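Chain by chain, the residues run as shown.
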Amino acid sequence: IKTGFFGNYMIEKTKIYVAGHRGMVGSAIVRKLKSLGYNNILTSSHDELDLTNQTQVQKFFEAEKPDQVYLCAAKVGGVHANNTFPAEFIYDNLMIESNVIHNAWKVGVKKLLFLGSSCIYPKLPNQLIKENAMLSGQVEATNEPYAIAKIAGIKLCESYNRQYRKSHGTDYRTVIPSSLYGPGDNYHSENSHVIPALIRRFHEAKLNKAPSVSVWGTGSPKREFLYVQDMADACIRVMSLDKSTYEKHTHPMLSHINVGSGFETSIKELAETVCKVTNYKGRIKFDSSKPSGSPKKLIDSSILNEIGWLARVELKEGLIETYEDFKKNYIV
C-alpha cells in the first residue's frame, strides 16, 4: 500500500466522495487526488443524484459509505445571477449542505471538507479580512442569500463537530477561498463570475470585431483571485492536516481557514489583462450605472501560510491557461 505526501493513511483503500466533481473546484480536486495516487474516487452527476433531494442523498450515502467527503457542490454565479435568482441561491445551497453533511454523519464519515466563500465576510473596505470577521457585520447585499447559505454550511460543520467529535470522531472542516477562476469555470453570458464573463465577452468582441467592450461598474473595486489548481492543493492540504495542527489554528466555533493568493487586482487592471490575453484590439468601457460589488476583498491567509501552503500561479499565467481551456472546451 502506498502512502501519500499529504497524509499517512492508506491511499489505495481510501474511498473519497467529491460532491460537485464537474464543477471548477471539484474537477480540480479530482485531478489532484488522482495525481497523488487516489483512485477510489466516488462521483455522481446531477442527473444521477440531486443533492437537494433528501431521500436521494440518504440512499446514496447508505449505499456508498465513503471514508471522506469534499463538499464542492453549490449553486454559484455572479452579481447578475445572485440578484435575479436569490430564492434559488439560498434554498439550493441550504439543501445541498444540509443533506450532504447530515447524511455523511449518519453513515459514519469522519472527515469532510466544506468549500465556503469569501462572500461570508462583511463589507470591510481597506482591511485585510481575517477569519474572525465572519458575522461581525452586514454582508454585501448583492449576494446576501448565497452568503447566508454558506455561513450556515460552516456552522453545520462546526455544530456536528461540537456535538459528535468525542462520540463519533467527527472532523468536518471548512476552507474559504478568495475569488476563484480557472479551467472548468462557468462561462455563461449572464450568470458567470467576473473572470469567465470577461473572457467570453472579450473573445466574442474579438471575433465580431466590436469597437468596444462594456464592463460592469467603475472598475475601481479590488479583488483577490486564486487559480483553481492552487485551491485544490490547499483543500487537500487542509483535509490532511492532523487534528492537533488543525485545532491549534482554529476554534470549535471559528473553524474555517482562509485560502488566498495574497495579491489583489482592480477590476480595471483585470479587464486590461484579459484584453491582452485574448488579443482584443478595441476599447474598454466601464458602465458605472451597473453594480460594482464590494469595494475591496483581500483575505488574510496567514494561518494556511504558517502551516506551509502558498499559492503558486500568478494571475496572468492563470488567465492564459483559463483562456486556452475556454477556447478548447466551451466555444460552440
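Parameters at a glance
- Residues numbered from 1 in each chain as written.
- Predicted model: local features only at pLDDT ≥ 70, side-chain atom pairs only at ≥ 80, totals over all residues.
- Heavy atoms only, no water.
- Pairing = 2+ DSSP bridges.
- Helix = DSSP H or I, 4+ residues; strand = E, 2+ residues; numbered from the N terminus.
- Contact = heavy atoms within 4.5 Å.
- Axes fitted to C-alpha atoms, helices over the stretch in contact; angles between N-to-C directions.
- 1 Å grid on protein atoms, 1.4 Å probe; cavity = no way out; pocket = protein on both sides within 12 Å on 5 of 7 lines; lining within 4 Å.
- Points joined across faces, edges and corners; volume = space filled by probe spheres on them.
- Nonpolar A, V, L, I, M, F, W, Y, C, P; charged D, E, K, R; others polar.
- Core = buried A, V, L, I, M, F, W, Y, C linked by side-chain atoms within 4.5 Å.
- Buried < 20%, exposed > 50% of the residue type's maximum accessible area, 1.4 Å probe, protein only.
- Phe/Tyr/Trp six-rings, centres within 6.5 Å; stacked < 30°, edge-to-face > 60°.
- Lys NZ or Arg CZ within 6 Å of the ring centre and 35° of its normal.

(A) Broad picture of the sheet that holds strand E4 (residues 41-42). If you walk across this open sheet you meet the six strands as E4-E3-E5-E6-E8-E12, and the pairing is parallel. A strand with exactly one partner marks an edge of an open sheet, and here the two such strands are E4 and strand E12 (256-259). Here strand E3 (residues 16-19) pairs with strand E5 (residues 68-71) via four bridges, running parallel. Bridge pairing in E5 places Ile16 opposite Gln68. Lying on the sheet, helix H1 (residues 24-35) is in contact with E3, E4, E5 and strand E6 (111-115); it crosses E3 at an angle near 155 degrees. Its contacts with the sheet put helix H5 (residues 144-168) on E6, strand E8 (171-177) and E12, and the angle it makes with E8 is roughly 155 degrees.

(B) Summary view of the layout of surface pockets. Taken as a whole, the second largest pocket encloses approximately 320 Å³ of empty space. Every residue lining the second largest pocket is counted, 22 residues in all, and those nearest its centre are Ser261, Gly262, Phe263, Ala311 and Val313. Put simply, the parts of the chain that give the lining of the second largest pocket at least two residues each are strand E11 (222-227) and strand E15 (296-299). It is E11 that contributes the most residues to the lining of the second largest pocket, three residues altogether. Across the lining of the second largest pocket, the residue classes break down as 12 nonpolar, six polar and four charged.

(C) Structural context of the nonpolar core. In terms of nonpolar packing, the biggest core is built from 34 residues, with Ile29, Leu33, Tyr70 and Met231 touching the most fellow members. Only E3, H1, E6, helix H7 (228-240), E12 and helix H10 (302-307) provide two or more residues apiece to this core. For this core, the leading source of residues is H7, giving eight residues. Contacts of Met231, omitting those with residues within four sequence positions, involve Val25, Leu115, Val175, Pro177, Leu180, Leu226 and Val259. One finds Leu42, Ala73, Ile96 and Ile129 within the second-largest nonpolar core, a separate group that totals 33 residues.

(D) Just the packing of aromatic side chains, in detail. Applying the stated rule across the entire model yields 11 aromatic pairs. Between Trp105 and Tyr160, the ring centres sit 5.9 Å apart and the planes meet at 70 degrees, which makes this aromatic pair edge-to-face. Here the residue Trp105 occupies a position in helix H4 (residues 86-106), and Tyr160 occupies one in helix H5, the gap between them amounting to 55 residues. Assigned by exposure class, Trp105 and Tyr160 land together as buried. Geometrically, the ring pair formed by Tyr323 and Phe326 is stacked, given 6.4 Å between the ring centres and 15 degrees between the ring planes. Of this pair, Tyr323 and Phe326 both sit in helix H11 (residues 315-329), three residues apart, roughly one helical turn. Taken together, the aromatic side chains of Tyr17, Phe60 and Phe61 make up a single cluster linked through ring pairs. Stacked on the ring of Phe85, the Lys or Arg Lys75 has its end atom at 5.9 Å from the ring centre.

(E) Structural detail: the side chain of Ser45. Relative to the assigned elements, Ser45 resides in the loop between E4 and helix H2 (54-64). For Ser45, a relative accessible area of 6% translates into the label buried. Aside from chain neighbours lying at most four places away, what touches Ser45 is His21 and Arg22.

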